[in-house]
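Each chain is listed here by its residues.
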Amino acid sequence: MTLGIFLGSLLGVMALGMPIAFALLFSGVALMFYMDIFDSQIIAQNLINGADNFPLMAIPFFILAGELMNAGGISKRIISLALALVGHIRGGLGYVAILASILFAGLSGSAVADTAALGAILIPMMVKAGYDRNRSTGLIAAGGIIAPVIPPSIPMIIFGVTSGISITKLFMAGIVPGLLIGIGLMVTWGVVVRKGQFDVYPRKSPKEILEAAKGAVWALILPVIIVGGLRGGVFTPTEAAVVAAFYALFVGVAVYRELPMRKLYSILIVSAKTTSVVMFLAAAAMVSAWLITVANIPLQLTELLGPLVENPLLLMIVINAIVLLVGTAMDLTPTILILTPVLMPIIQEAGIDPIYFGVVFIVNTCIGLLTPPVGTVLNVACGVGRIGMEDIMRGVWPFLLVEILILILLILFPSLITVPLHWLT
């Protein structure tokens, strides 16, 4: 009954249009009244504890780093390098978009930020070169979800904090799946554009490629610093976020000199607003997580899925089908915050590697960013590409299908995640 009270109150107020953070608080209060343990002090304490978490400090710094990179000229230099490398290939601008998405993913960790930054530059270029606007915008959106998979990843930080598992190991385990998504998008794009007629950029000489690489070298160093520092134990994920923010500020101000100091105030304001949304969600989710534990909801769900615990593969298939369905109606962050404390006890009882599950879970929730009606990345891409939701769905579906296929491969072949993790750590 407690599971029904929690889900019914949560989904009910969400259906009425209540913001998700407040919906989480409401469902927590409903549970407290049902269990006759209502105490406003419990709500206040869990709200404070939800935000008072050292690993979560990485989130504002990675968000700030992403804003500084876009304003400081790092973004356009990555695109210039991708153009120099693959711009001359048939359908080259699509490959540029995918390659730039992979490079961006190692910088910001935010699907929305990467989609907005790449779309603003590349969609007009692709339309001018003769590419279909719907397909181009769909590709940019599909490439944007690589960002939360390849480190640094804001969703992985949230999942690691919520589940209590190593954020560094999650980061390392996300590298190969992120690259697989990029490769899958490239293959799909090659099929999609095989019959079209598009303008192509002239092949760059080795000297021009070298010049483009020199221009982007400061941007390319950052992922190496982050991954190398994490793998070598030089700093924690939180400290890595501070390093990324300082590095982006230094490059934008002192190296590229495209970030005037007067812009810093507006960048800090935008970063603070984005951070406040994520942190309030995390705080509100802590109230629900505490009550979920007290109400023994994980045990109820374990009993419900009990017959599947002896078959980890079937359990993973069922859980991921549920997550994929939830992702169509709920954004990435609340999905992680709500489902992680419920699902982790089941995963542990079934003997499934929590790092492997975490990466598959993150990939699944990222796919939810491309599914209507909520689809945050879809909405951002629509705004940047100046098209409607129906138009972008016509453009994104082949890329969405291949990303679901990659998710299925990760479920069926855990070694795609676990074996590279052993190499990297």
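Residues numbered from 1 in each chain as written. Predicted model: local features only at pLDDT ≥ 70, side-chain atom pairs only at ≥ 80, totals over all residues. Heavy atoms only, no water.

1. Observations concerning the overall build of the protein chain
- In terms of helices and strands, the protein chain carries 22 helices and zero strands.
- In terms of C-alpha radius of gyration, the protein chain reaches 22 Å, essentially the compact-globule figure of 22 Å for 425 residues.
- The C-alpha extent of the protein chain, read off along each of the three principal axes, is 70 × 45 × 45 Å.
- Here the protein chain holds 425 residues, and the buried ones make up 53% of them.
- Taken as a whole, the protein chain presents about 17700 Å² of accessible surface, with 68% of it coming from carbon and sulfur. (Helix = DSSP H or I, 4+ residues; strand = E, 2+ residues; numbered from the N terminus. Rg over C-alpha atoms; globule rule 2.2 N^0.38 Å. Buried < 20%, exposed > 50% of the residue type's maximum accessible area, 1.4 Å probe, protein only. Areas by Shrake-Rupley, 256 points an atom, 1.4 Å probe, with all protein chains shown as cover.)

2. Regarding the packing of aromatic side chains
- Tallied over the entire structure, the rule returns eight aromatic pairs.
- Between Phe22 and Phe280, the aromatic rings sit 5.4 Å apart at their centres with planes inclined by 65°, giving edge-to-face as the arrangement. Of this pair, Phe22 sits in helix α2 (residues 20-35) while Phe280 sits in helix α14 (residues 264-294), placing them 258 residues apart in sequence.
- Given the relative accessible area of 45%, Phe22 is considered partly exposed.
- Centroid distance Trp218 to Tyr247: 6.4 Å. Interplanar angle 40°. Geometry classified as tilted. Pair noted here: Trp218 is in helix α12 (residues 206-231) and Tyr247 is in helix α13 (residues 237-255), with a separation of 29 residues, a long-range link.
- Grouped by ring-pair contacts, the aromatic residues Tyr131, Trp189 and Phe399 constitute a single cluster.
- The ring centre of Tyr256 lies 3.7 Å from the NZ or CZ of Arg77, which sits over that ring. (Phe/Tyr/Trp six-rings, centres within 6.5 Å; stacked < 30°, edge-to-face > 60°. Lys NZ or Arg CZ within 6 Å of the ring centre and 35° of its normal.)

3. Examining the state of the cysteines
- Taken as a whole, this structure holds zero disulfides when the rule is applied.
- Cys366 takes part in no disulfide bond, and the closest cysteine sulfur to it belongs to Cys382, at a distance of 18 Å.
- Here Cys382 falls in the buried class, since its relative accessible area comes to 10%. (Disulfide = S-S within 2.5 Å.)

4. Structural notes on the side chain of Ser136
- By the element assignment, Ser136 lies in helix α8 (residues 133-144).
- Leaving out residues up to four positions away in the same chain, Ser136 has contacts with Met126 and Tyr131. (Contact = heavy atoms within 4.5 Å.)

5. Here we look at a nonpolar patch on the surface
- Side chains of Leu313, Leu314, Ile317, Leu405, Ile408, Leu409, Leu412 and Phe413 sit close together on the surface and give an oily, nonpolar patch of about 660 Å² of accessible area.
- When you line up the elements, Phe413 lands in the loop between α21 (389-412) and α22 (415-424).
- Take Phe413: its relative accessible area is 44%, and that puts it in the partly exposed class. (Patch = residues over 30% accessible without salt bridge, like charges linked within 9 Å, V, L, I, M, F, W, Y side chains within 5 Å. Salt bridge = Lys/Arg side-chain N within 4 Å of Asp/Glu carboxyl O.)

6. Overview of the confidence of the model for the protein chain
- This prediction gives the protein chain a mean pLDDT of 83; 94% of its residues lie at or above 70.
- Looking across the protein chain, the model is least confident in helix α15 (residues 297-304), with a mean pLDDT of 67, and most confident in helix α19 (residues 354-367), with 94. (pLDDT = per-residue confidence, 0-100.)

7. Looking at the environment of Leu324
- As for its position among the elements, Leu324 is in helix α17 (residues 312-327).
- A relative accessible area of 25% means that Leu324 is categorised as partly exposed.
- Beyond its immediate stretch of four places on either side in the chain, Leu324 contacts Asn364 and Ile367.

8. Focus on unusual backbone geometry
- The amide bond that connects Pro151 to the next residue, Pro152, takes the cis arrangement and shows omega of 0°.
- Checked against the element boundaries, Pro152 lands in the loop between α8 and α9 (154-163).
- If you check the backbone angles, Arg257 has positive phi at about 55° while not being a glycine.
- Tracing the chain through its elements places Arg257 in the loop between α13 and α14.
- Owing to a relative accessible area of 69%, Arg257 belongs among the exposed residues under this scheme.
- A positive phi angle, near 60°, is found at Arg386, a position not held by glycine.
- Here Arg386 shows up in the loop between α20 (376-385) and α21.

9. Focus on the environment of Trp290
- Among the secondary structure elements, Trp290 is positioned in helix α14.
- The sequence separation of Trp290 and Ile346 amounts to 56 residues, and the corresponding C-alpha distance is 17 Å.
- The contact partners of Trp290, leaving out residues within four places of it in the chain, are Ile37, Ile42 and Asn46.

10. A closer look at the pattern of salt bridges
- Taken as a whole and assessed by the stated rule, the structure comprises two salt bridges.
- Residue Arg394 pairs with Asp391 through a salt bridge whose shortest N-O separation is 2.3 Å. A residue pair is termed a helical-turn pair when its members lie 3 or 4 positions apart in one helix, as Arg394 and Asp391 do in helix α21 at three residues.
- Residue classification places Arg394 among the partly exposed positions, given a relative accessible area of 46%.

11. Considering helix α18 (residues 332-349)
- With 18 residues, α18 extends 25 Å between its outermost C-alpha atoms, agreeing within 8% with the 26 Å of an ideal straight helix rising 1.5 Å per residue.
- If you look at α18, its biggest bend is around 45°, right at Thr340, and the proline Pro341 turns up within four residues after that.
- Among the 18 residues in α18, 15 count as buried, and that is most of the element.
- Positive backbone phi, approximately 75°, marks Gly351, located one or two places after α18. (Expected span 1.5 Å × (residues − 1). Bend = angle between axes of the 7 residues up to and from the residue.)

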